[in-house]
Amino acid sequence: MKADSLSLKVYEEIRRKILSNQLPAGTRLKEDVWARKMEVNRMAVRESLTRLLGERLVATGEKGGYFVTALTATDVHQIRELREILEIGALRLIIKKADKKSWEKLEKICEDFTNMVKAGYFNGALEADIKFHETLIECSENKKLLEAYRASHIPLFHQKLGKAQVDLDDYQQTDEEHRKILKAIKKKNFALAEEALIQHFARGEAYVLDM
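As the structure is a computational prediction, the values presented were derived from the model and not from experiment.

The next thing to look at is the overall build of the chain. When you go through the chain residue by residue, the secondary structure sums to 10 helices and three strands. For the chain, the succession of helices and strands along the chain, N to C, is α-β-α-α-β-β-α-α-α-α-α-α-α. Per-residue burial over the chain gives 46% buried out of 211 residues. The contacts of the chain with a sequence gap of at least 6 include a subset with a gap of at least 24, amounting to 72%.

The structure is reproduced here in structure tokens:
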């Protein structure tokens, strides 16, 4: 594989594990360990970590090295505000275009989330939660909006569902809220979709801050 392809491979794997809380905040990411794990050279790992550093998904330690970023209360609040702005914009575009293929994609993700919770596969459920919101942005069919979303360190309330003490009610509420947003989209009711999304984010922010 070409050097840039190797770097992308490592970047996508580490990013996925951070977002699904398989690499919790504070975890050190060692170049040699990841090079062996991904069967690539250390340069590919270093390039992927530099990219993640630019997205603020990782940070450098006082004595060097890369660590998974921890979120402060201010970070959580500002992420929620930014997500609202971008995803509400995406909702407006999705409803205007009324593309049934978009509805079907979101419906499939909702089903995946439900099935993973029932099976007790909570990391998979978290990935489906992240995928639901990223798909909202993708379905807007606006590449610049998608680029801004992915570059802004915002698909994160990953501390929430990744914690062992989270009870089943939280998963069920997340499922219900996703389906409420989708229902409003199908009805082409922007006001209802916006309200449901804002309530969903407000609950997510409150949950993370309470933890």
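On we go from here.
Let us look at the layout of surface pockets. Picture a little ball the size of a water molecule; that probe, rolled over the atoms, points out where space is still empty. When its volume is computed, the largest pocket comes out at roughly 440 Å³. Lining the largest pocket are 17 residues, and of these Glu12, Arg15, Leu19, Glu134 and Arg150 sit closest to its centre. Elements supplying a minimum of two residues to the lining of the largest pocket: helix H1 (3–19), helix H6 (122–138) and helix H7 (143–151). Examining the composition of the lining of the largest pocket, we find that seven residues originate from one element, H1, more than from any other. Looking at the lining of the largest pocket residue by residue, the classes come out as five nonpolar, one polar and 11 charged.

Moving on, we come to the nonpolar core. Counting 25 residues, the largest nonpolar core has Leu91, Phe132, Leu136, Ile181 and Ile185 as its most contacted members. When contributions to this core are tallied by element, the ones reaching two or more residues are helix H4 (73–97), helix H5 (100–119), H6, helix H9 (168–186) and helix H10 (190–210). In terms of residue count, H5 provides more of this core than any other element does, six residues in total. The residues touching Ile185, leaving out its near neighbours within four places in the chain, are Leu91, Ile94, Ile95, Trp103, Leu106 and Leu136. Membership of the second largest hydrophobic core comes to 22 residues, among which are Tyr11, Leu49, Tyr66 and Val68.

To continue, consider the confidence of the model for the chain. Averaged over every residue, the pLDDT of the chain is 86; residues scoring 70 or more account for 90%. The secondary structure element of the chain with the lowest average pLDDT is helix H8 (residues 158–162), at 46, and the one with the highest is strand E1 (residues 28–29), at 96.

Okay, the environment of Asp170 next. On the secondary structure map, Asp170 appears in helix H9. For Asp170, a relative accessible area of 1% gives the class buried. The sequence separation of Asp170 and Arg203 amounts to 33 residues, and the corresponding C-alpha distance is 9.7 Å.

Here the focus is the environment of Asp99. Looking at the secondary structure, you find Asp99 in the loop between H4 and H5. Given the relative accessible area of 26%, Asp99 is considered partly exposed. Considered as a pair, Asp99 and Phe190 are 91 residues apart in the sequence and their alpha carbons are 14 Å apart. If sequence neighbours within four positions are ignored, Asp99 has contacts with Ile94 and Glu141. Side-chain polar atoms of Asp99 contact the backbone nitrogen of Lys101, separated by 3.0 Å.

About the criteria used
- Residues numbered from 1 in each chain as written.
- Predicted model: local features only at pLDDT ≥ 70, side-chain atom pairs only at ≥ 80, totals over all residues.
- Heavy atoms only, no water.
- Helix = DSSP H or I, 4+ residues; strand = E, 2+ residues; numbered from the N terminus.
- Buried < 20%, exposed > 50% of the residue type's maximum accessible area, 1.4 Å probe, protein only.
- Contact = heavy atoms within 4.5 Å.
- 1 Å grid on protein atoms, 1.4 Å probe; cavity = no way out; pocket = protein on both sides within 12 Å on 5 of 7 lines; lining within 4 Å.
- Points joined across faces, edges and corners; volume = space filled by probe spheres on them.
- Nonpolar A, V, L, I, M, F, W, Y, C, P; charged D, E, K, R; others polar.
- Core = buried A, V, L, I, M, F, W, Y, C linked by side-chain atoms within 4.5 Å.
- pLDDT = per-residue confidence, 0-100.
- Polar contact = N/O pair within 3.5 Å; in protein donor to acceptor, adjacent residues only side chain to side chain.

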